[in-house]
Each structure stands twice: as structure tokens, then as C-alpha cells.
Amino acid sequence: MENLFQTIYSNGISASYVLGAIACALLGGLLMSWIASFRLRASRSLFITSSIIPSVVCTVFALIECFLSASSTTTVTARLITAAVAFGLIRFRSAQGKAEEMLLLFLSTASGFAFGMGYLAYGFLICLGLSGLYILFTFLPIFDHKYVAAEKLLKIVVPESLNYTEIFDDTFAHYLKVNELVEVKTTNMGSLYKISYRVRLKNQAEEKEFIDELRTKNGNLEISLLPYVDNKATL
């Protein structure tokens, strides 16, 4: 059993070992992305990328192993320095993604590292175990809080002549449990203000009446009520 978690390079590095590690990395990446696709809503390109990343990382580390095994320098420090230099040349650029998408890419990189070092069992454990753990956590309600789901982002457009700091107070007091001003910005060359609030309704059934009353106060300009998402940068 313990032999499964030992590096395949213990008996020397050959082309068959390297190609086998890369093939295992590709298979592990495909399985991991396929499992995550059941719960993660993302683009097809993300799953294709996360499927191939393990084999790419594996190739880098396998080549490092080949290079160091052929040279006189075989210390752990030399391996770490060489790996750091190899990845220091990489500049990862992409559009800002969701936390789950970044998690999948990090899992791909970690599994590729394990495969590249010749630890095939650890590579599959990372791919299948952690992606399965992600699926499990998405089904568990431990992070779901009803009050958070009930929070909405209210956006109201008002003319510049309207005193928005007080005009909505009585309406908010009647319909809302929570209201917090989160953003004010001008639009339409400064002739309009777009005001955003974090709100929670006392009664969800009164949503239409709430919006209708706001319309009478903002001159029937645009009003939107959306799920609230905190845009502050967090870890």
C-alpha cells in the first residue's frame, strides 16, 4: 500500500515514466473537472483549461526531474530553486473569476505538481478527493444563512433636484427591516443620481407595493431590486 504513495522515479527516470506521469495528470485533470462541472457553473473554456493544467505542470516538473537526475546536482534545495525559477517565468493573466473557479485552477496546479514529482497516487488523491470534497460542501447547508439570502441590492435613479437623504425614510421604515446606503454616483452628465442600498424587506409579498411607492417619489425613473452581493475584496 505504501508503495502507491512513493515516487515512480525512485528506480530512475525514463521516457516511459515521464509519459506515464503526464498521461495520469491528464486523466486526473479530466476527472476533476468533470466532477466539479456537476455543481460549478462556469464556462466550457474553464473546464478545458483546468483539465489540461495538471499535465502542463506535470511536464514542467518532470523535465526538472530529468534535468537534475542527469546532472551532478541532486539536492532538494536545487530542485526547489529550479522549480521556483520555472514558475517564476509564468505570468497568469485572466479576467477576474469566481472563488470556485480559482479553487479549481489551484487544485489543477497542485495535482500537476504531485504528478510531475512522480507521486501518482497523491495526484489522483488531490484530483478526486478534493473535487469530491467541493461537491460535498456545495450540498451541505452549513454556509447558508437565510438573512443573507433575503438581502437585496436596491438601486434608485433620482433627479439631481431631489433630496434623496430624507425623501425615502418613511417608505423604508414601513417596508424594510434593514436599509444601508452603499453607493451614490452621478449619471447622465450629472443630471441624475444613482443610489444603491442594501435592504431586507419585512414581507417579501409587499415587494411590488414597495417599488410602486418608490416610483411615486423618484419621478417614475429607473428602480431595480437585485440579490445583494458584497463587492468588497475579501479572502
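Conventions we followed
In every chain, residue numbers begin from 1 and rise along the written sequence. Reporting of local features is limited, given that this is a predicted model, to residues whose pLDDT is at least 70; pairs of side-chain atoms are given and counted only at 80 or more, and all residues count toward the totals for whole chains, interfaces and linings. Side-chain metrics in this entry use all non-hydrogen atoms of the structure; hydrogen atoms and water are not considered. Two rings belonging to Phe, Tyr or Trp (six-membered ring only in the last case) form a pair when the distance between their centres is within 6.5 Å. Interplanar angles under 30 degrees mark stacking, angles over 60 mark edge-to-face geometry, and anything in between is tilted. Throughout this description, buried means an accessible area under 20% of the type-specific maximum (1.4 Å probe, protein chains only), exposed means over 50%, and partly exposed covers the range between. Angles shown run from 0 to 180 degrees and are taken between the N-to-C directions of axes, each axis being a line fitted to C-alpha atoms and, for helices, limited to the stretch in contact. Strands are runs of DSSP state E lasting at least 2 residues, helices are runs of H or I lasting at least 4, and numbering of each runs from the N terminus. Each angle receives one of four descriptions, namely roughly parallel if under 35 degrees, roughly antiparallel if over 145, roughly perpendicular if within 65 to 115, and oblique otherwise. Working rule for handedness: look at the near helix, and if it is turned counterclockwise from the far one by less than a right angle, call the crossing left-handed; if clockwise, right-handed. Contacts are assigned to residue pairs that have any heavy atoms within 4.5 Å of one another. Residues were grouped as follows: Ala, Val, Leu, Ile, Met, Phe, Trp, Tyr, Cys and Pro as nonpolar; Asp, Glu, Lys and Arg as charged; and all remaining residues, including Gly, as polar. Buried Ala, Val, Leu, Ile, Met, Phe, Trp, Tyr and Cys residues that are joined via side-chain atoms within 4.5 Å together make up what is termed a nonpolar core. Any two strands with at least two DSSP bridges between them are considered paired. Any residue with relative accessible area above 30% and no salt bridge may belong to a patch, with like charges joined within 9 Å and the nonpolar Val, Leu, Ile, Met, Phe, Trp and Tyr side chains within 5 Å. Note on areas: Shrake-Rupley with a 1.4 Å probe; residue coverage comes only from the protein chains shown. Any Lys or Arg side-chain nitrogen found within 4 Å of a carboxyl oxygen on Asp or Glu counts as a salt bridge. Each cavity reported here is a set of points on a 1 Å grid over the protein atoms alone in which a 1.4 Å probe fits but cannot get out, each pocket an open set with protein on both sides within 12 Å along at least five of seven lines, and each lining residue one with an atom within 4 Å of a point. Grid points are joined across faces, edges and corners, and a volume is the space filled by probe spheres set on the points. For the purposes of these results, a polar contact is taken to be a pair of N or O atoms within 3.5 Å, where, inside protein, one atom must be able to donate a hydrogen and its partner to accept one; residues adjacent in sequence count only when each atom of the pair is a side-chain atom.

## Some points on the packing of aromatic side chains
Turning to step 1, where the next piece is worked out: The full count for this structure, using the stated rule, is eight aromatic pairs.
Turning to step 2, where the next piece is worked out: Look at Trp34 and Phe38: their rings are 5.0 Å apart centre to centre, the planes differ by 80°, and that puts the pair in the edge-to-face class.
Turning to step 3, where the next piece is worked out: According to the relative accessible area criterion, Trp34 is exposed, its value standing at 53%.
Turning to step 4, where the next piece is worked out: Look at Phe38 and you get exposed, because its relative accessible area is 56%.

## Digging into the packing of helix H4 (residues 99–116) against helix H5 (residues 120–139)
Turning to step 1, where the next piece is worked out: Interhelical geometry of H4 versus H5 gives an angle of 165° and a closest axis separation of 7 Å. One element, H4, and the other, H5, form an angle in the roughly antiparallel class. The handedness of the crossing between H4 and H5 is right-handed. Contacts between H4 and H5 involve Glu100, Leu103, Leu107, Ala110, Ser111, Ala114 and Phe115 from the former and Leu120, Tyr122, Gly123, Phe124, Ile126, Cys127, Leu130, Ser131 and Tyr134 from the latter.
Turning to step 2, where the next piece is worked out: Here the residues of the contact of H4 with H5 are counted per class, giving twelve nonpolar, three polar and one charged.

## Quick notes on the nonpolar core
Turning to step 1, where the next piece is worked out: Of all hydrophobic cores here, the largest spans 25 residues; its most connected members are Leu40, Leu104 and Phe115.
Turning to step 2, where the next piece is worked out: When contributions to this core are tallied by element, the ones reaching two or more residues are helix H1 (15–36), helix H2 (44–70), H4 and H5.
Turning to step 3, where the next piece is worked out: No other element matches H2, which puts eight residues into this core.
Turning to step 4, where the next piece is worked out: Membership of the second largest hydrophobic core comes to 16 residues, among which are Val158, Tyr175, Ile195 and Leu201.

## Topic: the sheet that holds strand E4 (residues 223–227)
Turning to step 1, where the next piece is worked out: With antiparallel pairing, four strands are arranged side by side in an open sheet as E2-E3-E1-E4. Each of the sheet's edge strands pairs with one partner strand only, and the pair in question is strand E2 (176–187) and E4. Between one strand axis and the next, the sheet turns through 20° on average, direction left out of account.
Turning to step 2, where the next piece is worked out: Judged from the five bridges that link them, strand E1 (residues 152–159) and E4 form a sheet pairing that is antiparallel. Looking at the pairing, Leu153 lines up with Leu226 of E4.
Turning to step 3, where the next piece is worked out: Helix H9 (residues 207–217) rests against E1, E2, strand E3 (192–201) and E4 of the sheet, and its axis sits at about 145° to E4.

## Focus on a nonpolar patch on the surface
Turning to step 1, where the next piece is worked out: Where nonpolar side chains cluster on the molecular surface, the patch consists of Leu130, Leu133, Leu136, Phe137, Leu140 and Ile142 and spans about 500 Å² of accessible area.
Turning to step 2, where the next piece is worked out: Tracing the backbone through its elements, the reader meets Ile142 in the loop between H5 and helix H6 (146–149).
Turning to step 3, where the next piece is worked out: Using a relative accessible area of 52% as the deciding quantity, one classes Ile142 as exposed.

## Considering empty space enclosed by the protein
Turning to step 1, where the next piece is worked out: All told, the structure shown has one cavity of 30 Å³ or more when counted by the stated rule.
Turning to step 2, where the next piece is worked out: Taken as a whole, the largest cavity holds about 50 Å³ of empty space.
Turning to step 3, where the next piece is worked out: Forming the walls of the largest cavity are Ala36, Glu100, Leu103, Leu104, Leu107, Ser131 and Tyr134.
Turning to step 4, where the next piece is worked out: Within the residue set of the lining of the largest cavity, elements represented by two or more residues are H4 and H5.
Turning to step 5, where the next piece is worked out: With four residues, H4 is the largest single contributor of residues to the lining of the largest cavity.

## Topic: the side chain of Asn218
Turning to step 1, where the next piece is worked out: By secondary structure assignment, the location of Asn218 is in the loop between H9 and E4.
Turning to step 2, where the next piece is worked out: In this structure Asn218 comes out as buried when scored by relative accessible area, which is 1%.
Turning to step 3, where the next piece is worked out: A polar side-chain atom of Asn218 sits 2.8 Å from the main-chain carbonyl oxygen of Val157.
Turning to step 4, where the next piece is worked out: A polar contact is formed between the side chain of Asn218 and the backbone nitrogen of Asn220, at a distance of 3.2 Å.
Turning to step 5, where the next piece is worked out: Apart from the residues within four sequence positions on either side, Asn218 is in contact with Ile156, Val157, Val158, Pro159, Leu162, Phe168 and Ile223.

## Looking at the pattern of salt bridges
Turning to step 1, where the next piece is worked out: In this structure the tally under the stated criterion is five salt bridges.
Turning to step 2, where the next piece is worked out: Residue Glu151 is joined to Arg198 by a salt bridge in which the shortest nitrogen-to-oxygen separation is 2.6 Å. With a gap of 47 residues between them, Glu151 in the loop between H6 and E1 and Arg198 in strand E3 connect regions that are remote in the sequence.
Turning to step 3, where the next piece is worked out: Looking at Arg198, the relative accessible area reads 18%, which means it is buried.
Turning to step 4, where the next piece is worked out: Ionic pairing is found between Glu180 and Arg198, a salt bridge with its closest N-O pair at 2.7 Å.

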